[in-house]
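# Chain and residue survey
Take a look at the letters that make up each chain.
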Amino acid sequence: MLRRSTVITVVKRVVAALLAAQAAAVLGLVGIDLWRKRVRPRRAHFPRTAPKELPVGETLVTTYTYGEDLFSDMLEAIRGARTRILFESYIVKGDQVGRRFKRELIAAAERGVEVHVVYDGFANLVVPRSFFRFPPSVHVLRFPVVHPGVLLLDVRKLGRDHRKILSVDGEAGFVGGYNVGAAYATEWRDTHLRMVGPAVWELENAFCEFWNRHRRAGQPRLSAFGQAQWTPAVRSQRNQPDLLVYPIRGMYLDAIDRAREHVYITQAYFLPDREILDALAAAARRGVDVRVLIPDESNHVIADWLSRGLYATLLRGGVTLWRFQDAMVHAKTATIDGRWSTVGTANVDRLSLTGNHEINVEIFDDGMARHLEEIFANDIANAVPLSEAEWNRRPLLAKLTERIIGPLRPLF
């Protein structure tokens, strides 16, 4: 009995010491990051790729890599709306860009357009709640900060609404990584798509299904404009945690397993699970050129350090890591073998691939793949490669910090 109580006491002390070390490491990293941003603010500077429209099957697809270009076309589409606007964003800042979107949505409703807005309550906690007060003519759905199902330990209710969708009249649809705000207009490097044609129905359908599942009593039920068509060149993959449906992870694994020439991935928060790590390493072993572009410093310092804990495994496996300089790269894209591509809202981490509501467009088109390869080449001209030898020379304190906070990785 004495031995058992002694073991339990030791285990408790070890766990307490680990938790204390993790808390100290997290607080230290956050504090240092805040201090650096205050004394050495970063001026965003990065190469731009102009918007380019390409035919993909029967749909015209335009790729955006600069927020001002995207927001200008989104606002123009809203101003030209005749029948209905479906607008969904993870974050909408209450700054001049967010206010411009709000004004145009209200103006559209005032001229008789049916306007529906969805935003995530948790992601916008720092935005005054009053900003999201619209006239009754605008239908607004706030995805709750805490879903009641969480109290019953229902894992299906844990995910955030991380999607970014705009659909106008069922004719033009926008989807990708951009949130709405002034910083995203000029300071962040992200990727978004505009689609005009039959593929827009999939965005319409994604929005309507989400709205109908989460709408409040008295809010109208929606159905997608247009007609469902088989569009084999463009498919929208949707993670739906309330239904335990997560196709985006499977999409990535299937595409990586098929790679024979190259895999180019751009990610803001790169925290792949064991299966994706193994798939990338297996591709590299069979001679595939595997490159991953990540921010040198993202807006989430803890996510950066958790990601760094995987660098050694990636580099040993033959994956080339490129660190984007002078700006936050927030894109969630990949292109493989000049044939397959994806652009969307999902990061390669646990939260996005097995947690949040997400949407990624999967594209089977040589022209689109070539264009995303050109964008990737333009981006890595602003990036620094990381070698295994260089990474092994990092300070001992950095290695220790990675090990201490490593057990937190499943939370991200």
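Since we're looking at a predicted model, the values are computed, not measured.

## Overview of the sheet that holds strand β6 (residues 165-168)
Strand order in the open sheet made by the eight strands is β1-β2-β9-β7-β6-β3-β4-β5, with mixed pairing throughout. Edge positions in the open sheet fall to β1 (52-56) and β5 (138-143), since each of these has one partner strand only. Between one strand axis and the next, the sheet turns by 15° as a mean value, whatever way the strands run. Along the sheet, helix α11 (residues 366-380) contacts β1, β2 (59-64) and β9 (192-196); its crossing angle with β1, the most-contacted strand, is approximately 150°.

## Thoughts on the pattern of salt bridges
Enumeration according to the criterion identifies 20 salt bridges in this entry. Here Asp 73 and Arg 194 are joined by a salt bridge, their closest N and O atoms 3.6 Å apart. Of the two residues, Asp 73 is situated in helix α2 (residues 67-79) and Arg 194 in strand β9; the sequence distance between them amounts to 121 residues. Note that Arg 163 is salt-bridged to Asp 161, the shortest N-O span being 3.8 Å. Look at Asp 161 and you get buried, because its relative accessible area is 0%. Through salt bridges with shared partners, one network takes in Glu 53, Asp 73 and Arg 194.

## Section: the side chain of Glu 362
Its location among the elements puts Glu 362 in strand β17 (residues 358-364). At 2.8 Å, the side chain of Glu 362 and the side chain of Gln 237 are in polar contact. If sequence neighbours within four positions are ignored, Glu 362 has contacts with Ala 233, Val 234, Arg 235, Gln 237, Met 251, Trp 340, Ser 341 and Thr 342.

## Focus: the UniProt feature "domain: PLD phosphodiesterase" (unreviewed entry) in the protein
In this numbering, the UniProt entry assigns the feature "domain: PLD phosphodiesterase" (unreviewed entry) to residues 157-184 and 325-352. The span residues 325-352 shows a helical share of 11% and a strand share of 39%, and its end C-alpha atoms are spaced 24 Å apart.

## Concerning the packing of helix α6 (residues 247-258) against helix α7 (residues 274-285)
Across the interface, α6 lies against α7 with an axial gap of 9 Å and an inter-helix angle of 15°. When the axis of α6 is compared with that of α7, the two are roughly parallel. Every pair of crossing elements has a handedness; the one defined by α6 and α7 is left-handed. Contact with α6, carried on its side by Arg 249, Leu 253, Ile 256 and Asp 257, involves Glu 275, Ile 276, Ala 279, Leu 280 and Ala 283 of α7 and no other residues of that element.

## Regarding the side chain of Asp 349
Residue position: Asp 349 is located in the loop between β16 (340-344) and α10 (350-354). In this structure, Asp 349 is in contact with Tyr 269, Leu 271 and Phe 412, ignoring residues within four places of it in sequence.

## A look at the pairing of β16
Most of β16 is tucked away: five of the five residues are buried. Here β16 shows two buried faces, one formed by Trp 340, Thr 342 and Gly 344 and the other by Ser 341 and Val 343. Bridge count for strand β15 (residues 333-336) against β16 is four bridges, and the pairing is antiparallel. Bridging from a neighbouring strand, Ile 336 pairs with Trp 340 of β16. Where β15 folds back on β16, the antiparallel hairpin that results is connected by three residues, among which Asp 337 adopts a positive phi of roughly 60°. In this sheet, β17 lies alongside β16 in antiparallel orientation, the contact comprising five bridges. Paired with Val 343 across the two strands is Val 361, which belongs to β17.

What counts and how
- Along each chain, residue indices are assigned from 1 in the same order as the chain's sequence is written.
- For a predicted model such as this one, the threshold for reporting local features is a pLDDT of at least 70, and the threshold for listing and counting side-chain atom pairs is 80 or more; totals across whole chains, interfaces and linings nevertheless cover every residue.
- Side-chain numbers here rest on the full set of heavy atoms in the structure, without hydrogens or water.
- Here the rule is simple: two strands pair whenever DSSP picks up at least two bridges between them.
- Secondary structure elements are defined from DSSP: runs of H or I of at least 4 residues count as helices, runs of E of at least 2 residues count as strands, and each element is numbered from the N terminus.
- Only the contacting stretch of a helix is used when fitting its axis, a line to C-alpha atoms as for every element, and angles between N-to-C directions run 0 to 180 degrees.
- In this description, contact between two residues means that some pair of their heavy atoms is separated by no more than 4.5 Å.
- What counts as a salt bridge is simple: a side-chain nitrogen of Lys or Arg found within 4 Å of a carboxyl oxygen of Asp or Glu.
- Remark: exposure states derive from per-residue accessible area (1.4 Å probe, protein chains only) relative to the maximum for the residue type, with buried under 20%, exposed over 50%, and partly exposed in between.
- Polar contacts here mean pairs of N or O atoms no more than 3.5 Å apart (in protein, one a potential hydrogen donor and the other a potential acceptor; neighbouring residues in sequence count only if both atoms are side-chain atoms).
- UniProt positions are given in the numbering used here, feature names are shortened, and annotations may be inferred rather than shown by experiment.
- Roughly parallel means an angle under 35 degrees; roughly antiparallel means over 145; roughly perpendicular covers 65 to 115; every other angle is labelled oblique.
- Crossings are sorted by hand: turned counterclockwise from the far helix by less than a right angle, the near helix makes the crossing left-handed, and turned clockwise it makes it right-handed.

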